[in-house]
Amino acid sequence: MTSEDGKKLTGKVALITGGSRGIGKAIASAYARHGARVFICARGENDLARTVNEIRGAGGQIAGLEGDVGKAEDAQRIVGAAVERYGTVHVLVNNASLLGSRVAIADYPISDWEEVMRVNLTGVFLLTQQVLQVMIPQRQGSIINVSSGVGRTGKARWGAYACSKAGLEGFTQVLADELKDCGIRVNSVNPAATRTGMRAQAYPDEDPLALPVPEEIMPIFIYLASDESVGVTGKALEAREWMKRGPSTSSGW
Ligand SMILES: NC(=O)c1ccc[n+]([C@@H]2O[C@H](COP(=O)([O-])OP(=O)(O)OC[C@H]3O[C@@H](n4cnc5c(N)ncnc54)[C@H](OP(=O)(O)O)[C@@H]3O)[C@@H](O)[C@H]2O)c1
């Protein structure tokens, strides 16, 4: 439902992990512009504070907390702070992730493997488990898992990142099935190549100006957070196709 002023998320509370930069920051900003009360987390305090101030300065309702999604105590602290601030959570965007090494599995460092899996997959599990404590009793919610093309079709030298995103697709399907009668929808979104720090790290020789900025891929994230997507669950969606065609699509990097 859209309010009279065209805002699609009035009344919603959204928690976005990795909301301090890149795609997560664009989601936080778009959600705030659409009237949601927004809570973000990231490890780096400076970027987090800068983003909160920027979005607040533009009139958005936003707060944030520093923390690492891959640590159980931080996940509990982050969700606890969001609930304390806004009373509940209606939308969880599992966006935070690490790229890790771009080397073949044969040479992949074990420490890097463990760190990427801890953040990209265990972090999603930890945040989601905490948020379900409020979503299940209220029988309402949308969980949006930010995936990747290499999580849907693996590619050489994408190592733990690709495997963690394939795990995220499995997590999305399991959870969507478990929650299908609870009023909680769970979907994954592949942003595809987008102009961010992570993309530049993955492709240092690429011209970033050739890529869309995160703001361009926001329509699918707004749709999945809004009541327009009630009943849509277990889907693997493509942000780029959505920019062109809207809700008729379903299933890069
Ligand atoms: N950009 C692309 O082309 C592209 C393509 C496909 C998929 N994706 C996916 O899109 C999502 C966003 O990517 P992006 O390109 O915007 O990445 P980014 O620019 O590197 O931003 C990542 C965000 O996650 C946070 N973060 C990282 N580790 C964290 C942790 N352990 N706990 C909490 N926050 C953490 C970062 O802040 P701190 O470092 O301060 O913690 C930052 O706010 C990711 O899931 C990525 O895999 C991106």
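Now for a quick tour of the structure.

1. Quick word on the sheet that holds strand E4 (residues 91-94)
Consideration 1: Strand order in the open sheet formed by seven strands is E3-E2-E1-E4-E5-E6-E7, with parallel pairing between adjacent strands. In this open sheet, the two strands that pair with only one neighbour each are strand E3 (61-66) and strand E7 (236-238). Between one strand and the next, the sheet's axes are offset by a mean angle of 20°, whatever the strand orientation.
Consideration 2: Sheet strands in contact with helix H3 (residues 72-86) are strand E1 (13-17), strand E2 (37-42) and E3, and its direction is about 155° off that of E3.

2. Side note on the site of the ligand
Consideration 1: In the vicinity of the ligand lie 30 residues, with Ser20, Arg43, Asn95, Tyr161 and Thr196 positioned nearest.
Consideration 2: In this structure, an oxygen atom belonging to the ligand sits 2.8 Å away from a side-chain N or O atom of Arg43.
Consideration 3: The contact in question runs from an oxygen atom of the ligand to an N or O atom on the side chain of Thr196, over 2.5 Å.
Consideration 4: Burial of the ligand by the protein amounts to 96% of the accessible area it has alone, namely 890 Å².
Consideration 5: In a pocket analysis with a 2 Å cut-off to the grid points, the ligand is assigned to the largest pocket.
Consideration 6: At three residues, helix H7 (residues 197-202) tops the list of elements feeding residues into the shell around the ligand.
Consideration 7: Residue composition of the shell around the ligand, grouped by class: 13 nonpolar, 12 polar and five charged.

3. So, the pairing of E4
Consideration 1: The alternating pattern of E4 places Val91 and Val93 on one face and Leu92 and Asn94 on the opposite face, and all of these are buried.
Consideration 2: The pairing of E1 with E4 spans three bridges and is parallel. By the bridge assignment, Leu15 is partnered in E4 with Leu92.
Consideration 3: Taken together, the four bridges between E4 and strand E5 (residues 141-146) define a ladder with parallel strand orientation. Within E5, the residue paired with Leu92 across the bridge is Ile143.
Consideration 4: Between the parallel pair E4 and E5, the chain is carried across by helix H4 (residues 110-138), and the sense of this crossover is right-handed.

Calculation rules
- All residue numbers refer to position in the chain's written sequence, counted from 1.
- The predicted origin of the model limits local features to residues at a pLDDT of at least 70 and limits the giving and counting of side-chain atom pairs to 80 or more, whereas totals for whole chains, interfaces and linings rest on all residues.
- Side-chain measures were taken over the full set of non-hydrogen atoms in the model, leaving aside hydrogen atoms and water.
- Criterion used throughout: strands pair if DSSP finds at least two bridges between them.
- Only DSSP runs of H or I with at least four residues qualify as helices, and only runs of E with at least two residues qualify as strands; both kinds are numbered from the N terminus onward.
- Axis lines are fitted through C-alpha atoms, for helices just across the contact stretch, and the angle between N-to-C directions can take any value from 0 to 180 degrees.
- We call two residues in contact when some of their heavy atoms are within 4.5 Å.
- Definition of nearness: a residue and a molecule or strand are near each other if at least one heavy atom of the residue lies within 4 Å of the molecule or strand.
- Definition of a polar contact: a pair of N or O atoms within 3.5 Å, with one able to donate and the other able to accept a hydrogen when the atoms are protein atoms, and with sequence-neighbouring residues admitted only if both atoms are side-chain atoms.
- For accessible areas, the Shrake-Rupley method is used with a probe of radius 1.4 Å. Any residue's cover is judged against the shown protein chains and nothing else.
- Cavities and pockets are found on a 1 Å grid laid over the protein atoms alone: a cavity is a set of points where a 1.4 Å probe fits but cannot escape, a pocket is an open set with protein on both sides within 12 Å along at least five of seven lines, and a lining residue has an atom within 4 Å of such a point.
- Whether a molecule lies in a cavity or pocket depends on its atoms, and more than half of them have to be within 2 Å of the grid points.
- For this classification, the nonpolar set comprises Ala, Val, Leu, Ile, Met, Phe, Trp, Tyr, Cys and Pro, the charged set comprises Asp, Glu, Lys and Arg, and every other residue, Gly included, is treated as polar.
- Note on classification: 1.4 Å probe, protein chains only; a residue is buried when its accessible area is under 20% of the maximum for its type, exposed when over 50%, partly exposed between these limits.
- Orient the strands so they point away from the viewer; a crossover is then right-handed if the path from the first strand over the helix to the second runs clockwise.

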